[in-house]
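# Structural overview
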Amino acid sequence: MDQVQLETFQAVVEQGSFEAAARALHVTPSAVSQRIKALERAVGQVLVRRAKPCTATVAGEALIRFAGQVALLEKEALDQARGGTRVSIVVNADSLNTWFLPVLTQVPGATFEIHTDDQDYTADLLRSGTAMAAVTAENVAVQGCRVERLGAMRYLAIAAPGVELENAPMIVYNRKDQLQHRFLAMVGRRPPERIHYVPAAAAFNEAIRLGLGWGTVPEQNAEPLLSSGEYVQIFPDRYLDIPLYWQYWRIESTLLNTLTAAVRTAAASTLR
């Protein structure tokens, strides 16, 4: 497969247009168009949706992953003696706010681009080729990836002292977040009409501490404030365990192997 055509295709998807890709590659838009057409003829599939912005088709997404894998291996070979390699990872916000960040200190020489999303959606960035590894709730391997079970993140339903579940609003991370709804279904309760959306892990925890409502919080975050009396646990005998998995590109990459080993070790000591 022509490497120049592959790099051009990757640039079109990353930059969002043929013109922007041309500027990034220091060529003319006509050259970009010719390379994409040649690549599509070689593959026998339409790879780019000509829209604003340009996006990869389903066939194109598989090629984007392949292009990223090739680029990673090439960069590793070049960077063994000098500098580092950028690693793109997608992690659910609660893992990022509890156990995941120290993992990155175990991968010397790399630079990181961290994306966050709900654990039920993080694998989407693997499919699109945006990320090369993910902490996800999805246990079926994305095409071209390996999957390992990490353990379960335990969530407790908590509130500030004096907040009554019957009347309190529910605090939810964003509209993808279904953890509170799943907890209520588990205990046989219906969701309240009033919901606050607080899309940042630290602010989410603080909103609960301030008495704005109740929510489900990872036990690592909840336990110190439960001990200090700033939180109380709703339904003390109930909790919600969310299994998490590590998915990463199925290539022989020293960097990805090192990262995976660090993730495996950290998860073993923090997750259930």
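Structural data are supplied above this passage.
Position numbers for residues count from 1 along each chain, tracking the sequence in the order it is written. The predicted origin of the model limits local features to residues at a pLDDT of at least 70 and limits the giving and counting of side-chain atom pairs to 80 or more, whereas totals for whole chains, interfaces and linings rest on all residues. For the side-chain quantities, the full set of heavy atoms in the structure was used; hydrogens and water were omitted.

To form a nonpolar core, buried Ala, Val, Leu, Ile, Met, Phe, Trp, Tyr and Cys residues must be joined to one another through side-chain atoms within 4.5 Å. Whether a residue is buried, partly exposed or exposed follows from its accessible area with a 1.4 Å probe, protein chains only, as a fraction of its type maximum: under 20%, in between, or over 50%, in that order. Counting 51 residues, the largest nonpolar core has Trp-99, Phe-100, Trp-214, Trp-246 and Leu-259 as the members making the most contacts within it. Take this core: its biggest share by element is 7 residues, from helix H10 (residues 254-270). With sequence-adjacent residues up to four places away left out, Trp-246 is seen in contact with Ile-89, Phe-100, Ala-133, Ala-134, Val-135, Arg-146, Val-147, Glu-148, Leu-150, Leu-259, Thr-260 and Val-263. A run of H or I in DSSP counts as a helix once it spans at least four residues, and a run of E counts as a strand once it spans at least two, with each numbered from the N terminus. Contact criterion: two residues are considered in contact whenever any of their non-hydrogen atoms come within 4.5 Å of each other.

This part takes up helix H2 (residues 18-25). Since the α-helix packs 3.6 residues into each turn, any two residues three or four apart lie on the same face. Taken as a whole, H2 has its buried residues at Phe-18, Ala-20, Ala-21 and Ala-22. Looking one or two residues past H2, His-26 carries a phi angle of roughly 60 degrees, positive in sign.

Here we take up the pairing of strand S11 (residues 240-249). Of all the 10 residues making up S11, 8 are buried; the element is thus mostly covered by neighbouring parts of the structure. Note on pairing: two strands pair once DSSP finds at least 2 bridges between them. In the sheet, strand S5 (residues 133-136) pairs with S11 via 4 bridges, with the strands oriented antiparallel. Among the inter-strand pairings, Ala-134 is bridged to a residue of S11, identified as Gln-247.

Before going further, it helps to spend a moment on the environment of Glu-193. Within the secondary structure, Glu-193 sits in the loop between helix H7 (179-186) and strand S8 (195-197). Among the residues examined, Glu-193 registers a relative accessible area of 85% and is labelled exposed. Considered as a pair, Glu-193 and Pro-169 are 24 residues apart in the sequence and their alpha carbons are 7.5 Å apart.

Whether two aromatic rings pair depends on their centres lying within 6.5 Å, for rings of Phe, Tyr and Trp, where Trp uses its six-membered ring; planes under 30 degrees apart make the pair stacked, over 60 edge-to-face, and the rest tilted. One pass over the full model with this rule turns up 4 aromatic pairs. Measuring from ring centre to ring centre gives 5.5 Å for Trp-99 and Phe-100, while their planes differ by 75 degrees; the resulting arrangement is edge-to-face. As far as the burial class goes, Trp-99 and Phe-100 line up, both buried. Taken together, the ring pairs connect Trp-99, Phe-100, Trp-246 and Tyr-248 into an aromatic cluster.

That is the geometry; function is a separate question.
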